[in-house]
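Understanding the architecture of this molecule
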Amino acid sequence: MKKIGVLTRDCAGINAAIRAVVRTSAFHGIEVVGIIKGYDGLINRELVELDRRSVSGILSRGGTILKTARAKRFLTEEGQKKAVKTITEKEIDGLIVIGGNGSLTGAHVLATKHNISVVGVPATIDNDINGVDLSIGADSAVNVAVEALDKIRDTATSLERVFVVEVMGRDCGYIALQVALAGGCEEVLIPERETAMEKICADIVEGSLQGKISWIVIVAEGSAKGSDVADTIVKETGLETRLSVLGYIQRGGIPTAFDRILAARLGSHAVELLKEGQTGVCVSLKENRFTTVPLETAIQPKKIDSERDYRLIKILT
Ligand code: F6P
């Protein structure tokens, strides 16, 4: 292995993973090229050499120094051929793809259809990579959302209001569940559970009659629209209700120490795996040990065990 290419998606902790890839490669005498704007950059030959110094000072920066894009052209045969041509002509021996479901699906295509050596590193706030306990970025996103929630709780309490807070997560309720648990929220709507709005509204009315003065209802973006949930609560309870959509503040920002450490470990291990000749896998940590998940498995829908945490949220509220 003489030269590794690295391409990424976007979330907190990805720069820390790039740094780990570059410096572990340098340790082994392997060159690294960064691919600008994800699969688009592979098609357009937008590459940049990355040496030890080029990744100085990026550990604590959110986003990705390599930039990224949704590469529709990579979905076509022609786009894939161009990407493979870049890999071959630039003598890239192996590729490390750092990102979520879409990025890892591209990695799977390169490994299976085009015989490229690829190792994936799970990095998405959604934490929806099948077979992977925790992806880079999820912890940072949860921490940002919880900080926001603590502020919202102040206002909810001062004004005796109901707040509906919509969080990200695509089709996965991970962020919503964690945030609800860490923020002491009264209710959480996630795609993995049926939601009975009548029951939620009845609970709010009942609580209000017993003197409860504030509520925070977390809505995972994949379960319902926060605005619809807020409208229903106003209609059914008559209580003053406000909506707050946290949106993209959850994806950027300074990565937590946990995410930096995870990124250091997974990024570095991905280099070791490529060096050993492994391909078509996503690197992961299970019970603090390195493990791999076939990319084919990693890109399947993930089932999270939501019942335990949901039950706890309801007991503690
Ligand atoms: O996958 C991460 C994520 O932030 C989701 O939580 C969200 O639904 C989506 O990306 C937004 O995607 P885009 O970057 O295309 O707006």
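It should be emphasised that the depicted structure is a prediction, and the values quoted were computed from it without experimental measurement.

1. So, helix 4 (residues 101-113)
Residues spaced three or four apart along an α-helix face the same direction, because each turn holds 3.6 residues. Across its 13 residues, helix 4 extends 18 Å between first and last C-alpha, which sits within 8% of the 18 Å expected from 1.5 Å per residue. In this structure, the buried side of helix 4 is in contact with helix 2 (38-44), helix 3 (77-89), strand 4 (94-99), strand 5 (118-122), strand 10 (281-286) and helix 10 (295-298). Positive backbone phi, at 60°, marks Asn115, one or two positions downstream of helix 4.

2. Here's the deal with the site of the ligand
In the region of the ligand, the neighbouring residues are Arg9, Arg70, Ile125, Asp126, Met168, Gly169, Arg170, Glu221, Tyr248 and Arg251. Taking Arg70, its side chain carries an N or O atom lying 3.0 Å from an oxygen atom of the ligand. In the environment of the ligand, an oxygen atom lies 2.3 Å from a nitrogen or oxygen atom belonging to the side chain of Tyr248. Protein contact buries 74% of the 400 Å² of open area that the ligand shows by itself.

3. Points about the sheet that holds strand 5
Pairing is mixed in the open sheet, where 7 strands are placed in the order 3-2-1-4-5-10-11. Strand pairing shows two members of the sheet lacking a second neighbour, strand 3 (47-50) and strand 11 (289-294), which therefore form its edges. Averaged over all neighbouring strand pairs, the angle between strand axes comes to 30°, with direction disregarded. Packing against the sheet, helix 9 (residues 257-276) makes contact with strand 1 (3-8), strand 4, strand 5, strand 10 and strand 11, and its axis sits at approximately 135° to strand 10.

4. Re helix 8 (residues 226-237)
Between its terminal C-alpha atoms helix 8 stretches 16 Å, which fits the 16 Å expected from 12 residues at 1.5 Å a residue. Where the residues of helix 8 are buried, they touch strand 6 (162-167), strand 7 (187-189), helix 7 (197-209), strand 8 (215-220) and strand 9 (241-245). The first or second residue beyond helix 8 is Gly238, which carries a positive phi of 75°.

5. A few points about the domain arrangement of the protein chain
Domain annotation for the protein chain reports domain 1 (3-137 + 255-298) and domain 2 (140-251). Here the C-alpha centre of domain 2 lies 34 Å away from the C-alpha centre of domain 1. In this complex, domain 1 contributes 14 residues to the contact, which on the side of domain 2 involves 11 residues. For the pair domain 1 and domain 2, the summed buried surface comes to about 1,000 Å²; carbon and sulfur atoms form 49% of the total. Here domain 1 and domain 2 share 3 salt bridges between them. Summed over the shared surface of domain 1 and domain 2, the number is 8 residue pairs in polar contact (both at pLDDT 80 or more). Of the residues belonging to the side of domain 1 that touches domain 2, the class tally is 5 nonpolar, 4 polar and 5 charged.

6. A look at the packing of aromatic side chains
Per the counting criterion, the structure on display carries 1 aromatic pair. Measuring from ring centre to ring centre gives 4.3 Å for Tyr39 and Phe74, while their planes differ by 20°; the resulting arrangement is stacked. Of this pair, Tyr39 sits in helix 2 while Phe74 sits in the loop between strand 3 and helix 3, and the two are 35 residues apart along the sequence. We classify Tyr39 as buried; its relative accessible area is 8%.

7. Focus: the environment of Thr256
Structurally, the position occupied by Thr256 is in the loop between strand 9 and helix 9. Overall, the relative accessible area of 17% leaves Thr256 in the buried class. If we skip the residues at most four places from it in the chain, Thr256 touches Asp139, Ser140 and Asn143.

8. Concerning the packing of helix 7 against helix 8
Contact pair helix 7 / helix 8: the axes reach a minimum separation of 10 Å and the direction vectors enclose 55°. Looking at the two axes, helix 7 sits oblique to helix 8. Handedness of the helix 7/helix 8 crossing: right-handed. Residues Met197, Cys201, Ile204 and Val205 of helix 7 lie in contact with helix 8, whose contacting residues are Val229, Thr232, Ile233, Glu236 and Thr237.

9. Notes on the pairing of strand 8
Burial runs high along strand 8: 6 of the 6 residues are buried. With burial as the criterion, each face of strand 8 is covered, one bearing Trp215, Val217 and Val219 and the other bearing Ile216, Ile218 and Ala220. Bridge count between strand 6 and strand 8: 6 bridges; the pairing is parallel. When the bridges of strand 8 are listed, Phe163 appears paired with Ile216. Bridge analysis of strand 7 against strand 8 gives 3 bridges, and the strand direction is parallel. Bridged to Glu187 within strand 8 is Val217. Tracing the backbone out of strand 7, into helix 7 and back to the parallel element strand 8 gives a crossover that is right-handed.

10. Brief notes about the nonpolar core
In this structure, Ile96, Ile98, Val165, Val188 and Ile218 are the most contacted members of the largest nonpolar core, which totals 63 residues. Per-element tally for this core: the top contributor is helix 5 (residues 138-159), with 9 residues. Split by domain, the residues of this core number at least three in each of domain 1 (3-137 + 255-298) and domain 2 (140-251). Those residues in contact with Ile96 that sit more than four places away from it in its chain are Ile4, Gly5, Val6, Leu7, Val21, Val119, Val121, Ala270, Val271 and Leu274. In this structure, Ile87, Leu110, Ile116 and Ile129 belong to the second largest nonpolar core, which totals 27 residues.

Rules used throughout
Throughout this description, residue numbers start from 1 for each chain and increase along the sequence as written. Thresholds applied to this predicted model are a pLDDT of at least 70 for local features of residues and 80 or more for the giving and counting of side-chain atom pairs; totals over whole chains, interfaces and linings are not thresholded and use all residues. Processing note: side-chain calculations cover all non-hydrogen atoms of the structure and skip hydrogens and water entirely. Runs of H or I in DSSP of at least four residues are treated as helices and runs of E of at least two as strands, each being numbered from the N terminus. Expected helix span is computed as 1.5 Å times (number of residues minus one). Working rule for contacts: check all heavy atoms of both residues, and any pair within 4.5 Å makes them a contact. For this description, a residue counts as near a given molecule or strand if any of its non-hydrogen atoms is within 4 Å of it. Polar contacts here mean pairs of N or O atoms no more than 3.5 Å apart (in protein, one a potential hydrogen donor and the other a potential acceptor; neighbouring residues in sequence count only if both atoms are side-chain atoms). Every accessible area reported is derived by Shrake-Rupley at a probe size of 1.4 Å, with residue values counting cover from the shown protein chains alone. Any two strands are treated as partners once DSSP identifies two or more bridges connecting them. Angular values range over 0 to 180 degrees, each being the angle between N-to-C directions of two axes fitted as lines to C-alpha atoms, with helices fitted over their stretch in contact. In this entry, domain limits derive from an automatic or database-based domain assignment. Joining two parts hides part of their accessible area as seen by a 1.4 Å probe, and the buried area is that hidden amount summed over both. When a carboxyl oxygen of Asp or Glu is within 4 Å of a side-chain nitrogen of Lys or Arg, the pair counts as a salt bridge. Three classes are used, and their members are as follows: Ala, Val, Leu, Ile, Met, Phe, Trp, Tyr, Cys and Pro are nonpolar, Asp, Glu, Lys and Arg are charged, and the others, Gly among them, are polar. Planes of paired rings set the category: under 30 degrees apart is stacked, over 60 is edge-to-face and the rest tilted, where pairs are Phe, Tyr or Trp rings (Trp by its six-membered ring) whose centres lie within 6.5 Å. The rule is simple: take the accessible area with a 1.4 Å probe, protein chains only, and divide by the maximum for that residue type; under 20% is buried, over 50% is exposed, in between is partly exposed. Oblique is the label for every angle not falling under 35 degrees (roughly parallel), over 145 degrees (roughly antiparallel), or within 65 to 115 degrees (roughly perpendicular). Two helices that cross are described as forming a left-handed crossing if the nearer one is turned anticlockwise from the farther one by less than a right angle, and a right-handed crossing if clockwise. We call a crossover right-handed when, viewed with both strands directed away from the observer, the connection leading from the first strand over the helix to the second proceeds clockwise. In this description, a nonpolar core means a group of buried Ala, Val, Leu, Ile, Met, Phe, Trp, Tyr and Cys residues linked to one another through side-chain atoms lying within 4.5 Å.

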